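Summary of structural features
Here is how the chains run, residue by residue.
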Amino acid sequence: MSTNTDQAMTISEKIFSKASGKTVKAGEFVMANIDMAMTHDITGPLAVEGFYEIMRDKEQKKVWDPSKIVILFDHQVPADSLNAAANHIMLRRFAKEQGIINYDVYEGVCHQVMPEKGHVRPGDLVVGSDSHTCAYGALGAFSTGIGSTDMAAVFASGKLWFRVPETVRFEVNGKLPKHVYSKDVILHLIGDVGAEGARYKAAEYAGSTVQDMPMSERMTVSNMAIEMGGKAGIIEADKVTEKYLQERIPDFKLDPYWKSDKDAASSEIREYDVSKLEPQVACPHNVDNVKPVSEVEGIKVDQVFVGSCTNGRFEDIEIVAKMMGDEPVAKGVRLLIIPASRTEYMKVLRAGYIEQFMEAGAMVESPCCGPCMGGSFGLLGDGEVGLATSNRNFRGREGSPQSFVYLSSPATAAASALTGEITDPRKI
């Protein structure tokens with residue numbers, strides 16, 4: 001892939017240039033061709049209704065390309081209400097009618113399944129009717145969340161308009177200390193720049209710390225770009241990306257073009273040394289209300305939730321298993337563990353961790369969003385305190401508006417599940 005310009009470009013500018021068929025720079029408005037579109041059981045029905053409204057006067061009411069649409073069920077699975085069941089029926093019929101083959105009912109959380117099934121490649125422009133679609137930026141794609149009305153337009157035309165975003169580049173360097181992970185890094189960044197600090201910008205993560213992260217941890221970082229207002233969260237594709245995708249796309253070869261040019265213009269460059277970073281915790285009721293764990297230790301917790309598209313992968317759950325060992329969950333604490341996909345669940349099962357967790361007094365659920373979006377099960381009641389590895393802690397996010405949600409890494413979650421209060425994992 002190449003362009004007919006000698007100008008230095010960011011990876012976002014390169015992707016939008018490809019998608020719009022012309023060389024573009026940050027700030028320009030473009031009509032872009034979409035490579036992949038994803039919707040799920042909560043937002044999908046509205047998108048389908050909008051699609052039929054757009055196509056009302058058309059004789060052939062067909063989507064632009066059924067091979068480029070992915071429909072996943074993850075928010076309310078199995079159906080937990082008659083309304084959810086009706087939504088599921090509607091989407092099943094739509095997929096059959098339109099010939100959409102990338103249609104998975106119980107494969108897991110959409111943002112884990114999309115990369116896992118090889119639906120995302122470096123240089124792609126991907127949209128999803130869910131704000132955490134930015135997670136796929138871990139593979140060098142520009143992926144972003146859109147509304148159901150916009151998704152209806154994509155279903156009909158395969159195109160969508162964008163303003164090409166400026167880039168804020170996060171240079172993160174240093175070797176992470178023991179029991180400090182990528183979740184701590186991204187919480188630290190969000191706490192520093194604030195919830196609006198990267199509004200409508202492409203957050204580009206670089207530096208030795210990011211380069212050393214395995215794909216599972218990169219997904220955590222990209223996933224939470226939206227929590228600083230980012231339009232996307234991108235990590236340049238490299239050998240780690242290539243290995244991950246070759247295991248899913250047999251003919252995949254890394255194209256070195258999909259990275260920001262050396263002299264590409266960023267609106268801002270922020271530098272961090274995380275070699276002495278301590279575990280971080282986002283406190284109620286805002287994701288950017290971030291504090292070192294030492295400042296919040298001792299707060300009693302009623303529930304610990306390990307899972308979600310942010311930290312529900314095997315590597316995350318293994319951290320919890322190894323930290324807990326043969327110790328039981330603290331008395332009075334509910335530990336809920338939900339692997340992010342069927343594939344990740346089977347890894348956890350084969351490793352023997354499900355038996356370990358059940359014997360410790362935890363509950364292990366089938367792959368889904370669970371309490372992360374305040375639906376289905378595992379909700380917090382009035383006055384209860386939850387510690388979660390998920391991505392949001394707004395008031396009422398995981399149940400009652402009178403509950404309190406803290407966010408942490410799997411290591412901090414594991415330590416806290418053992419003690420019954422927010423605990424520094426370095427002390428376990």
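This is a predicted model, so every value here is computed, not measured.

This part is about the overall build of the protein. On a plain count of helices and strands, the protein comes out with 14 helices and 18 strands. The C-alpha atoms of the protein give a radius of gyration of 21 Å, which matches the 22 Å a tight globule of 428 residues would have. Projecting the C-alpha coordinates of the protein onto the three principal axes gives extents of approximately 60 × 50 × 40 Å. Taking all 428 residues of the protein together, 59% fall into the buried category. Considering only residue pairs separated by 6 or more positions, the protein has 74% of its internal contacts joining residues 24 or more positions apart. Summing over all exposed atoms, the protein offers an accessible surface of approximately 16800 Å²; the carbon and sulfur share of this is 49%.

Along the chain, Val168 turns up in strand E8 (residues 167-173). The exposure class assigned to Val168 is buried, which follows from its relative accessible area of 1%. Apart from the residues within four sequence positions on either side, Val168 is in contact with Ala198, Lys201, Ala202, Ala203, Glu204, Ser267, Glu268 and Arg270.

Before going further, it helps to examine the packing of aromatic side chains. As enumerated under the stated definition, the model contains 13 aromatic pairs in all. Taking the centre distance of 6.5 Å and the plane angle of 75 degrees together, the rings of Phe51 and Phe155 count as edge-to-face. Of the two residues, Phe51 is situated in helix H2 (residues 44-54) and Phe155 in helix H5 (residues 148-157); the sequence distance between them amounts to 104 residues. Each member of the pair Phe51 and Phe155 is classed as buried. Chaining the aromatic ring pairs together yields one cluster made of Phe51, Tyr52, Phe94 and Phe155. Over the face of the ring belonging to Tyr257 we find Lys14, whose NZ or CZ atom lies 4.2 Å from the ring centre. When the ring centre of Tyr244 is taken as reference, the NZ or CZ atom of Arg248 above it lies at 3.6 Å.

Mapped onto the fold, Thr133 is located in the loop between strand E5 (125-128) and strand E6 (142-145). Excluding its chain neighbours within four sequence positions, the residues that come into contact with Thr133 are Met38, His111, Val126, Val127, Gly128, Ser143, Thr144 and Gly145.

All right, on to the packing of H2 against helix H3 (residues 82-98) then. Contact geometry for H2 and H3: axes closest at 9 Å, N-to-C directions at 50 degrees. The orientation of H2 with respect to H3, classified from their angle, is oblique. Handedness of the H2/H3 crossing: left-handed. Between H2 and H3, the contacting residues are Gly44, Pro45, Val48, Glu49, Phe51 and Tyr52 on the first element and Asn87, Met90, Leu91, Phe94, Glu97 and Gln98 on the second. When its residues are assigned to classes, the contact of H2 with H3 shows seven nonpolar, three polar and two charged.

Where strands meet in a sheet, backbone hydrogen bonds hold them as pairs that are either parallel or antiparallel. Pairing is parallel in the open sheet, where five strands are placed in the order E4-E3-E2-E5-E6. The sheet terminates laterally at strand E4 (103-104) and E6, the two strands that pair on one side only. Note that strand E2 (residues 36-40) and strand E3 (residues 69-72) share four bridges and pair parallel. Considered in E3, the bridge of Thr39 is made with Ile71. Against the sheet, H5 contacts E2, E3 and E5, and its axis sits at roughly 135 degrees relative to E2.

Attention now moves to the nonpolar core. With 75 residues, the main nonpolar core has Phe170, Tyr205 and Met228 as its most contacted residues. Per element, the largest residue contribution to this core is six residues, and it comes from helix H6 (residues 182-193). What Tyr205 contacts, discounting residues up to four positions off in sequence, is Phe170, Ile186, Leu189, Val210, Val221, Ser222, Ala225, Met228, Gly233, Ile234 and Ile235. One finds Ile319, Ile337, Val364 and Ala413 within the second-largest nonpolar core, a separate group that totals 37 residues.

Turning our attention to the sheet that holds strand E10 (residues 232-235). Pairing is parallel in the open sheet, where four strands are placed in the order E10-E9-E8-E11. Two strands bound the open sheet, and with one partner strand each, they are E10 and strand E11 (268-273). On average, each strand axis in the sheet is inclined to that of its neighbour by 20 degrees, with strand direction left out of account. Here E8 pairs with strand E9 (residues 202-206) via five bridges, running parallel. Bridge pairing in E9 places Arg169 opposite Glu204. In the packing of H6 onto the sheet, the strands contacted are E8, E9 and E11, and the crossing angle to E11 comes to about 130 degrees.

With that settled, consider helix H13 (residues 353-360). Side chains that are three or four residues apart share a direction in an α-helix, a result of its 3.6 residues per turn. Residues of H13 that are buried: Tyr353, Ile354, Gln356, Phe357 and Ala360. Considered in projection along H13, the buried side chains sweep an arc of 160 degrees and stay on one side of the axis. The outward face of H13, more than 90 degrees from its buried face, is lined by the exposed residues Glu355 and Glu359. Next to the buried residues of H13 lie helix H11 (314-324), strand E15 (334-338), helix H12 (342-350) and strand E16 (363-364). In the stretch just after H13, Gly361 is the one whose phi turns positive, near 100 degrees.

Calculation rules
- Residues numbered from 1 in each chain as written.
- Predicted model: local features only at pLDDT ≥ 70, side-chain atom pairs only at ≥ 80, totals over all residues.
- Heavy atoms only, no water.
- Helix = DSSP H or I, 4+ residues; strand = E, 2+ residues; numbered from the N terminus.
- Rg over C-alpha atoms; globule rule 2.2 N^0.38 Å.
- Buried < 20%, exposed > 50% of the residue type's maximum accessible area, 1.4 Å probe, protein only.
- Contact = heavy atoms within 4.5 Å.
- Areas by Shrake-Rupley, 256 points an atom, 1.4 Å probe, with all protein chains shown as cover.
- Phe/Tyr/Trp six-rings, centres within 6.5 Å; stacked < 30°, edge-to-face > 60°.
- Lys NZ or Arg CZ within 6 Å of the ring centre and 35° of its normal.
- Axes fitted to C-alpha atoms, helices over the stretch in contact; angles between N-to-C directions.
- Parallel < 35°, antiparallel > 145°, perpendicular 65-115°, else oblique.
- Left-handed = near helix turned anticlockwise from the far one by under 90°.
- Nonpolar A, V, L, I, M, F, W, Y, C, P; charged D, E, K, R; others polar.
- Pairing = 2+ DSSP bridges.
- Core = buried A, V, L, I, M, F, W, Y, C linked by side-chain atoms within 4.5 Å.
- Arc of directions from axis to C-beta.

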